[in-house]
Amino acid sequence: MSLSGTGKFKEPCCASGDSYRHSWYPPEINTSDPIAAGQLLMHNTLTGKKEPFVPMKERHVRWYTCGPTVYDSSHVGHARTYLSFDIMRRIMTDYFHYNVLFQINTTDIDDKIILRARQNELLRQLEEDKSVGYEKLVGLSKEALEEAKAKSDEKKVTIETELEEVTAKKDSRRRTEQEGLLEQHLVKRKNLDKDEKNVLEACSASPDAEDARANLFVAAKSVLAEKLDREKGHLVTDHAVFNAHARKYEREFMEDLDALGIREPDILTRVTEYVPQIIAFVEKIIDNGFAYKSNGSVYLDLDAFQAAGHNYRKLSPAGPGGAATSAAEMAEGEGALGGGEASEKRNPNDFALWKASKAGEPAWESSFGPGRPGWHIECSVIATDILGEVLDIHSGGEDLKFPHHDNEMAQSEACLGCQQWVNYFTHTGHLHIAGLKMSKSLKNFVTIRQSLEHNTARQLRIMFLLQAWDQPMNYSDQTVEDARSKENTFKSFFRAVQSLVRDDYLSQEVGWRMGDVDHKLAEAYLAARQSVHDNLLDNFNTKDAMGALLKIINEANAYLRTPNAQPSTLLLRAIATYVTEILKVFGVIDGADDFGFGSGGDGAGSGSESYIGAMVSFRENVRNAALAAAKGGDTEAAIQAILKTCDGLRDEILPGLGIRLEDRPAGTLWNLEDPAVMLKEMAEKAAKDKEAQIGKLEKQLVARTKELEKVKNSMVLPKDLFRTDEFKEWDETGVPTTMANGDSVSGGQLKKKKKAIAKQEKTYKDLMEKSGNDPQGLLDSTQKEVDGIKKKLDNLSL
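Residues numbered from 1 in each chain as written. Predicted model: local features only at pLDDT ≥ 70, side-chain atom pairs only at ≥ 80, totals over all residues. Heavy atoms only, no water.

## Notes on the overall build of the chain
Using the following cut-off: Counting from the N terminus, the helices are the DSSP runs of H or I reaching at least four residues and the strands are the DSSP runs of E reaching at least two. Note on method: radius of gyration uses C-alpha positions; expected globular size equals 2.2 Å times residues raised to 0.38. Pairs of residues are marked as contacts when any of their non-hydrogen atoms sit within 4.5 Å. Only the protein chains shown count as cover for residues, and all accessible areas are computed by the Shrake-Rupley method using a 1.4 Å probe. The sign given to each residue is positive for Lys and Arg and negative for Asp and Glu; His and the chain ends receive no count. For charged residues, the charge sits on one atom: NZ in Lys, CZ in Arg, CG in Asp, CD in Glu.
For the chain, the helix and strand inventory stands at 22 helices and 20 strands. Against the 2.2 N^0.38 benchmark of 28 Å for 798 residues, the chain shows a C-alpha radius of gyration of 37 Å, more extended than a compact globule. Each of the three principal axes of the chain carries a C-alpha extent, and together these read 115 × 90 × 55 Å. Contacts in the chain between residues far apart in sequence, at least 24 positions, make up 73% of those at least 6 positions apart. For the chain, the accessible surface area stands at approximately 41,200 Å², while carbon and sulfur atoms represent 51% of it. Within the chain, the 124 negative side-chain charges are centred at a point lying 4 Å from the centre of the 104 positive side-chain charges.

Here you go:
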């Protein structure tokens, strides 16, 4: 706990028993709110509001986080969750100095893993089956497509029927739920329509075309997977198939965490390594009278659980005892391979602790019969085994509140005989893209690896730091660009301070030489530190903490722009060092430098040979330009050549060596940076410049093409304007009098034609004046311009 003062003194304290000591006036402690009193507030989903954080014992924090279900690649929505918790964990350990024990569990037994592993195995077998040629694959693909469309149509009718019923009942909660399901279904149907187009195109290819079968297989993969699993999924029984699938994506997930700069957990666990403990945990719940066996499965008895005084659905209340739990919510809790279990349950809301395995599902022997753990039981067993019977913090994404986390708590309390298994629950908000939650089922996701192809891990971290961790956020070009802009603000400030520190400031006056301006900056610095501290106490409010850092940087930049500035190097260094310290806490900076982002690794071109080569080349270019001017050459051209060479050194040569130059009115600043980062910046700038250049040329092409057509049209002699096959007789001015079929041109048409010829006479006269009586020359030069623009566009497109 760190105390804050009010700015006033309390009554003096007299020294007792020591007559030589004077009275001491203690500063008054600010007790106006928890933050002023130094308490850390945390949004607790259990209460729905911010609560003072108090570890169960001393300053030890036992923290459990649900890891991914490792059935596919992780996306940016997952990155949002794990980066947010990494930031919070760093703040708790590196800033507030709690003793944190952090555990992540990966779910490697789950309906989604079973389904995806089976599908991939069956697809592999089909792809390798040489007896299934192109024609046979066409038939299979079309069948699969029709089955998928029929299933989609049936699903839509079900949702719309349910929506009509809940609307008639004026059940606003379930109406909102069904409207959301319908919106998601329409997105999925749109994706299916795209698949249909691709499949039918691939089915219409020539059977003899190269890669025809391979292309069809790729196009129909999604619908074929579902068909194959329906027909043959029960034949996949080898545990190794499911295990290999989970291990692949578990490894990929851990590599993604590393690429994002997320600290490894203190403990990593897997469900498959805990099956005996899970069986024992379930048996204890049965012995306690809170679970029952049914057809080889085991369910938590919610009626008995609540009759014993326990509460259900603590995180997302839905009426007494969860009575308002909807069928859609229950389906989410039972998993992708669920369904048909209602008759096995005493209460429709009872959930599976142990599932009897069907054909095509991995199974472990137990006292209940062969089966596998339910989705929720794993976390209760594993977290309790590692962290004990009371967790300080349990974390996960927003979508895990119900059913996963509510069910975890119920079964844990049922086994342990307690009323509260977790003291603080934290949930990150959804990540939206184009208005919808980023989701694999909607195919609207960007994988972590795809995102890192276009953005750095630092930029993604800054993007999430600029958002409230427990609120929804949008993932868009705008949010990413904002993060890049803030990153550049930090970089620019660090470079300015590095330039000052590099000078010998001790050879000058070291005190404050700018009076009130110095004092104002110092007060702003102290205010920034206080603001950051208060915001971190206030539910890890990194958004406003980052705002405080950016504000003091703006103040410092304004200070440096003061006319005739004589800046205090040490004060600016203190600000830069503090900003760096906080960014290190946030995980934005990882290095030992006092301040700044550091220069990165050595880089490919950091050897002395690279620097010498660059300098020799630069000297040679400058020398040759000067010699050319001395020998009677064009002095102005030589000056331009030298300036171009200087710019080339700054923009093309030195970035590859990790050196950034910035030309400023007061002189050139230089700093060391990661060559890879600078080269990427150069590539991005070149791409933007190229895009702008292409846009400019395209506009020029449209304009010059219009001009070319205008010149061509203007070159027609007025008397020849209507000398076409449409007519066979004209008067001396070129006005048509007789149609090709012998009919006379009507009076109205004669009037229009005369008017058009008069207009053409003016156009032709203007052309002759503009071209100096050389319209062909103008046409040729305009055509040459058009051809030149097209050539430039072709070169840029290459």
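## Let's talk about the sheet that holds strand β10 (residues 352-356)
What counts here: Any two strands with at least two DSSP bridges between them are considered paired. In this analysis, axes come from line fits to C-alpha atoms, helices being fitted only over the stretch in contact, and the angle between any two N-to-C directions falls in the range 0 to 180 degrees.
Strand order in the open sheet formed by 4 strands is β8-β9-β10-β11, with antiparallel pairing between adjacent strands. Of all strands in the sheet, those with a lone pairing partner are β8 (291-294) and β11 (371-373), marking the two edges. Between one strand axis and the next, the sheet turns by 25° as a mean value, whatever way the strands run. With 4 bridges connecting them, β8 and strand β9 (residues 297-300) associate as antiparallel partners. Bridging from a neighbouring strand, Lys293 pairs with Val298 of β9. Sitting on the sheet, helix α7 (residues 275-287) touches β8, β9, β10 and β11, and the angle it makes with β10 is about 115°.

## Concerning empty space enclosed by the protein
Worth spelling out the cut-off: Points on a 1 Å grid, built from protein atoms alone, make a cavity when a 1.4 Å probe fits but cannot get out and make a pocket when they are open with protein on both sides within 12 Å along at least 5 of 7 lines; residues with an atom within 4 Å of a point are the lining residues. Grid points are joined across faces, edges and corners, and a volume is the space filled by probe spheres set on the points. Side-chain classes follow a simple rule in which Ala, Val, Leu, Ile, Met, Phe, Trp, Tyr, Cys and Pro form the nonpolar group, Asp, Glu, Lys and Arg form the charged group, and the remainder, Gly included, forms the polar group.
Taken as a whole and judged by the stated rule, the model has 3 cavities of 30 Å³ or more. In this structure, the largest cavity spans a volume of roughly 70 Å³. If you trace the largest cavity, you find it lined by Ser84, Ile87, Met88, Phe464, Leu465, Gln467, Trp469, Phe540 and Thr542. For the lining of the largest cavity, the secondary structure elements donating two or more residues are α1 (76-95) and α13 (457-465). Here the element with the most residues in the lining of the largest cavity is α1; it accounts for 3 residues. By residue class, the composition of the lining of the largest cavity is 6 nonpolar, 3 polar and no charged. If you add up the space inside the second largest cavity, you get close to 50 Å³. Every residue along the wall of the second largest cavity is listed here: Tyr82, Phe85, Asp86, Arg89, Phe102, Ile104, Ile262 and Arg263.

## A look at unusual backbone geometry
In this model, Phe402 is joined to Pro403 through a cis peptide bond whose omega is 10°. Following the sequence through the fold, Pro403 ends up in helix α11 (residues 401-416). Positive phi, close to 55°, is recorded for Lys170, a residue that is not glycine. Following the sequence through the fold, Lys170 ends up in the loop between α3 (134-168) and α4 (172-203).

## Notes on the environment of Asp470
Quick reminder of the rule: The cut-offs for exposure are 20% and 50% of the maximum accessible area for each residue type, with area from a 1.4 Å probe on protein chains only; residues under the lower value are buried, those over the upper are exposed, and the others partly exposed.
Assignment of secondary structure puts Asp470 in the loop between α13 and β16 (473-474). Taking relative accessible area as the criterion, Asp470 reaches 14% and is therefore assigned buried. With 417 residues separating them in the primary sequence, Asp470 and Phe53 have C-alpha atoms 16 Å apart. Setting aside its immediate chain neighbours within four residues, Asp470 contacts His43, His427, Thr428, Gly429 and Asn539.

## What about the nonpolar core?
In plain terms, the rule: Put simply, buried Ala, Val, Leu, Ile, Met, Phe, Trp, Tyr and Cys residues joined by side-chain atoms within 4.5 Å make one nonpolar core.
Core analysis: the biggest nonpolar cluster contains 80 residues, and Met92, Phe490, Phe494, Leu583 and Phe586 have the highest contact counts within it. Among residues more than four places away in sequence, those in contact with Phe586 are Ile87, Arg90, Ile91, Arg461, Leu465, Leu536, Thr542, Ala545 and Met546. With 42 residues, the next largest nonpolar core counts Val271, Phe305, Ala414 and Trp421 among its residues.

## Considerations on the state of the cysteines
To be explicit about the condition: A pair of sulfur atoms, both from cysteines and within 2.5 Å, is called a disulfide here.
Taken as a whole and judged by the stated rule, the model has 0 disulfides. No disulfide involves Cys418; its sulfur sits 9.0 Å from the nearest other cysteine sulfur, which is in Cys415.

## Focus on the sheet that holds strand β6 (residues 99-107)
The parallel open sheet is built from 5 strands, whose spatial order is β7-β6-β5-β12-β13. In this open sheet, the two strands that pair with only one neighbour each are β7 (267-270) and β13 (422-428). Neighbour-to-neighbour, the strand axes of this sheet turn through a mean angle of 20°, independent of strand direction. Inspection of the sheet shows strand β12 (residues 391-397) paired to β13 by 6 bridges, in the parallel sense. The residue of β13 that forms the bridge with Ser395 is Thr426. Across the face of the sheet, α1 comes into contact with β5 (60-69), β6, β12 and β13 while running at roughly 165° to β5.

## Examining the environment of Val480
With respect to the element layout, Val480 can be found in helix α14 (residues 477-502). Overall, Val480 belongs to the buried group, its relative accessible area being 9%. Not counting the four nearest positions on each side in its chain, Val480 is found in contact with Asn455, Met463 and Tyr475.

## Thoughts on the packing of aromatic side chains
Remark: the centre distance and the inter-plane angle together describe each pair of aromatic rings, the angle taken between the planes. Rule in force here: Between rings of Phe, Tyr and Trp, where Trp is taken as its six-membered ring, a pair exists when centres lie within 6.5 Å; planes separated by under 30 degrees are stacked, by over 60 edge-to-face, and by other angles tilted. Whether a charge sits over a ring depends on NZ of Lys or CZ of Arg being within 6 Å of the ring centre and within 35 degrees of the ring normal.
In this structure the tally under the stated criterion is 15 aromatic pairs. When the centroid spacing of 6.4 Å and the interplanar angle of 70° are considered together, the rings of Tyr312 and Phe402 count as edge-to-face. Within this pair, whereas Tyr312 is found in the loop between α8 (302-307) and α9 (327-334), its partner Phe402 is found in helix α11, the two being separated by 90 residues in sequence. You'll find Tyr312 and Phe402 in the same group, each marked buried. The positively charged end of Arg59 is found above the aromatic ring belonging to Tyr98, 4.1 Å away from the centroid. The ring of Phe597 carries Arg458 above its face, with NZ or CZ at 3.8 Å from the centroid.

## Structural notes on the pattern of salt bridges
Keep this limit in mind: The working definition used for a salt bridge is a side-chain nitrogen of Lys or Arg within 4 Å of a carboxyl oxygen of Asp or Glu.
Counted under the stated rule, the structure contains 50 salt bridges. Taking the shortest distance from any N to any O, the salt bridge between Arg116 and Asp72 comes out at 2.9 Å. Here Arg116, found in helix α2 (residues 111-128), pairs with Asp72, found in the loop between β5 and α1; they are 44 residues apart in sequence, far enough to count as distant. Owing to a relative accessible area of 17%, Asp72 belongs among the buried residues under this scheme. Here Glu361 ties to Lys358 by a salt bridge, and the two come within 3.7 Å at their closest N and O atoms. Owing to a relative accessible area of 8%, Glu361 belongs among the buried residues under this scheme. Each of Asp108, Arg247, Glu250, Arg270 and Glu273 takes part in one network of salt bridges that share partners.

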